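# Summary of the model geometry
Residue strings, one per chain:
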Amino acid sequence: MRIIAGTHRGHRLETLKGAKLRPTSEQMRETLFDVLGPSIQGSKFVDAYAGSGAIGLEALSRGADEVVFIEHHRGANKIIHKNLEALNIQTGFRLMTCKVLTAFEKLSDEGAGFDFVFLDPPYDAISEYHHSLRQLGRSSLIQLNSLVIAEHSRHYILEDRYAQLARIRTIRHGDVQLTFYRLY
């Protein structure tokens with residue numbers, strides 16, 4: 001796996017090994033960032049259930065000002081640190097080692113706000129999608145122009161609305177979908 005574009009284009013990323021792990025493919029990352037376009041520059045971005053950090057690292061490479069990586073798994077956090085070091089990224093990020101809902105509460109208590117929140121829980125944890133999206137729809141972490149994006153299996157049906165979030169678009173590549181939400 002590698003960074004697709006930006007200042008770190010072409011750099012290889014380490015990932016965790018294992019059958020249950022499913023990093024976002026390069027094709028899906030390219031699709032995501034094509035949709036986000038130049039609005040990523042200067043943005044504040046959350047990579048929740050970050051895994052190797054590939055999505056957040058791509059955001060930093062493309063000019064995001066700040067990325068918050070949220071990952072509960074300690075082994076994945078070590079990989080994120082290794083990837084940040086390999087890319088010589090020393091500022092503009094925060095790594096939170098806790099459950100995503102706990103991180104959302106902490107960030108909300110701090111008064112944080114984000115332009116983009118990317119969610120990619122393990123596919124076998126469908127309840128994580130619903131809980132995370134519902135909490136985001138009720139939180140102050142997102143504003144009217146913010147986008148929340150969930151990567152999920154095409155076999156999972158996400159709701160059209162979660163609290164104040166409404167689905168605005170779904171893109172499918174093979175068995176994987178990106179579903180986009182905004183406040184309504």
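Please refer to the structure higher up on the page.
This one's a predicted model, so the numbers in the text were calculated from it and none came from an experiment.

In terms of regular secondary structure, the chain is built from five helices and eight strands. Reading the chain from its N end, one meets helices and strands in the order α-β-α-β-α-β-α-β-α-β-β-β-β. Across the 184 residues in the chain, those meeting the buried criterion constitute 49%. Nonlocal contacts in the chain, meaning residues at least 24 apart in sequence, comprise 62% of its contacts between residues at least 6 apart. Of the roughly 9,000 Å² of accessible surface on the chain, a fraction of 47% belongs to carbon and sulfur atoms. Averaging the positions of the 23 positive and the 21 negative side-chain charges in the chain gives two centres separated by 3 Å.

Here we take up the pattern of salt bridges. For the coordinates displayed, the defined rule picks out eight salt bridges. The residue Glu110 makes a salt bridge to Arg94 at a minimum N-O spacing of 2.7 Å. One end of the pair, Glu110, is in the loop between helix H4 (100–109) and strand S4 (114–119); the other, Arg94, is in strand S3 (residues 93–96), and 16 residues separate them in sequence. Glu110 sits in the partly exposed class, given a relative accessible area of 47%. Given the relative accessible area of 31%, Arg94 is considered partly exposed. One network of salt bridges, in which partners are shared, links Arg29, Glu58 and Arg62.

On to the packing of aromatic side chains. Summed over all chains, the structure comprises five aromatic pairs. Taken together, a centroid distance of 6.3 Å and an interplanar angle of 80° make the contact between Tyr123 and Tyr156 edge-to-face. Here the residue Tyr123 occupies a position in the loop between S4 and helix H5 (126–138), and Tyr156 occupies one in the loop between strand S5 (142–153) and strand S6 (161–162), the gap between them amounting to 33 residues. Exposure remark for Tyr156: the relative accessible area of 24% places this residue in the partly exposed category. Note on Tyr129 and Tyr156: the rings are 6.5 Å apart at their centroids and 65° apart in plane angle, and the pair reads as edge-to-face.

In terms of burial, S4 is largely enclosed, as five of its six residues are buried. Note: strand S1 (residues 44–48) against S4, four bridges, orientation parallel. The residue of S4 that forms the bridge with Asp47 is Phe118.

Here we come to the nonpolar core. Within the largest apolar cluster, 29 residues are counted, with the highest numbers of intra-cluster contacts made by Leu32, Phe33, Leu36, Phe45, Leu57, Phe69 and Ile149. Of all the secondary-structure elements, those providing two or more residues to this core are helix H1 (26–36), helix H2 (54–61), strand S2 (66–70), helix H3 (74–86), S4, S5 and strand S8 (176–183). It is H2 that contributes the most residues to this core, five residues altogether. When neighbours within four sequence positions are excluded, Phe33 is seen to be in contact with Ile40, Phe45, Ile55, Glu58, Ala59 and Arg62. One finds Tyr49, Ile70, Leu107 and Leu165 within the second-largest nonpolar core, a separate group that totals 27 residues.

Thresholds, definitions, all that
- Residues numbered from 1 in each chain as written.
- Predicted model: local features only at pLDDT ≥ 70, side-chain atom pairs only at ≥ 80, totals over all residues.
- Heavy atoms only, no water.
- Helix = DSSP H or I, 4+ residues; strand = E, 2+ residues; numbered from the N terminus.
- Buried < 20%, exposed > 50% of the residue type's maximum accessible area, 1.4 Å probe, protein only.
- Contact = heavy atoms within 4.5 Å.
- Areas by Shrake-Rupley, 256 points an atom, 1.4 Å probe, with all protein chains shown as cover.
- Lys, Arg positive; Asp, Glu negative; His and termini not counted.
- Charge placed at Lys NZ, Arg CZ, Asp CG, Glu CD.
- Salt bridge = Lys/Arg side-chain N within 4 Å of Asp/Glu carboxyl O.
- Phe/Tyr/Trp six-rings, centres within 6.5 Å; stacked < 30°, edge-to-face > 60°.
- Pairing = 2+ DSSP bridges.
- Core = buried A, V, L, I, M, F, W, Y, C linked by side-chain atoms within 4.5 Å.

Shape is all these values report; function is a separate question.
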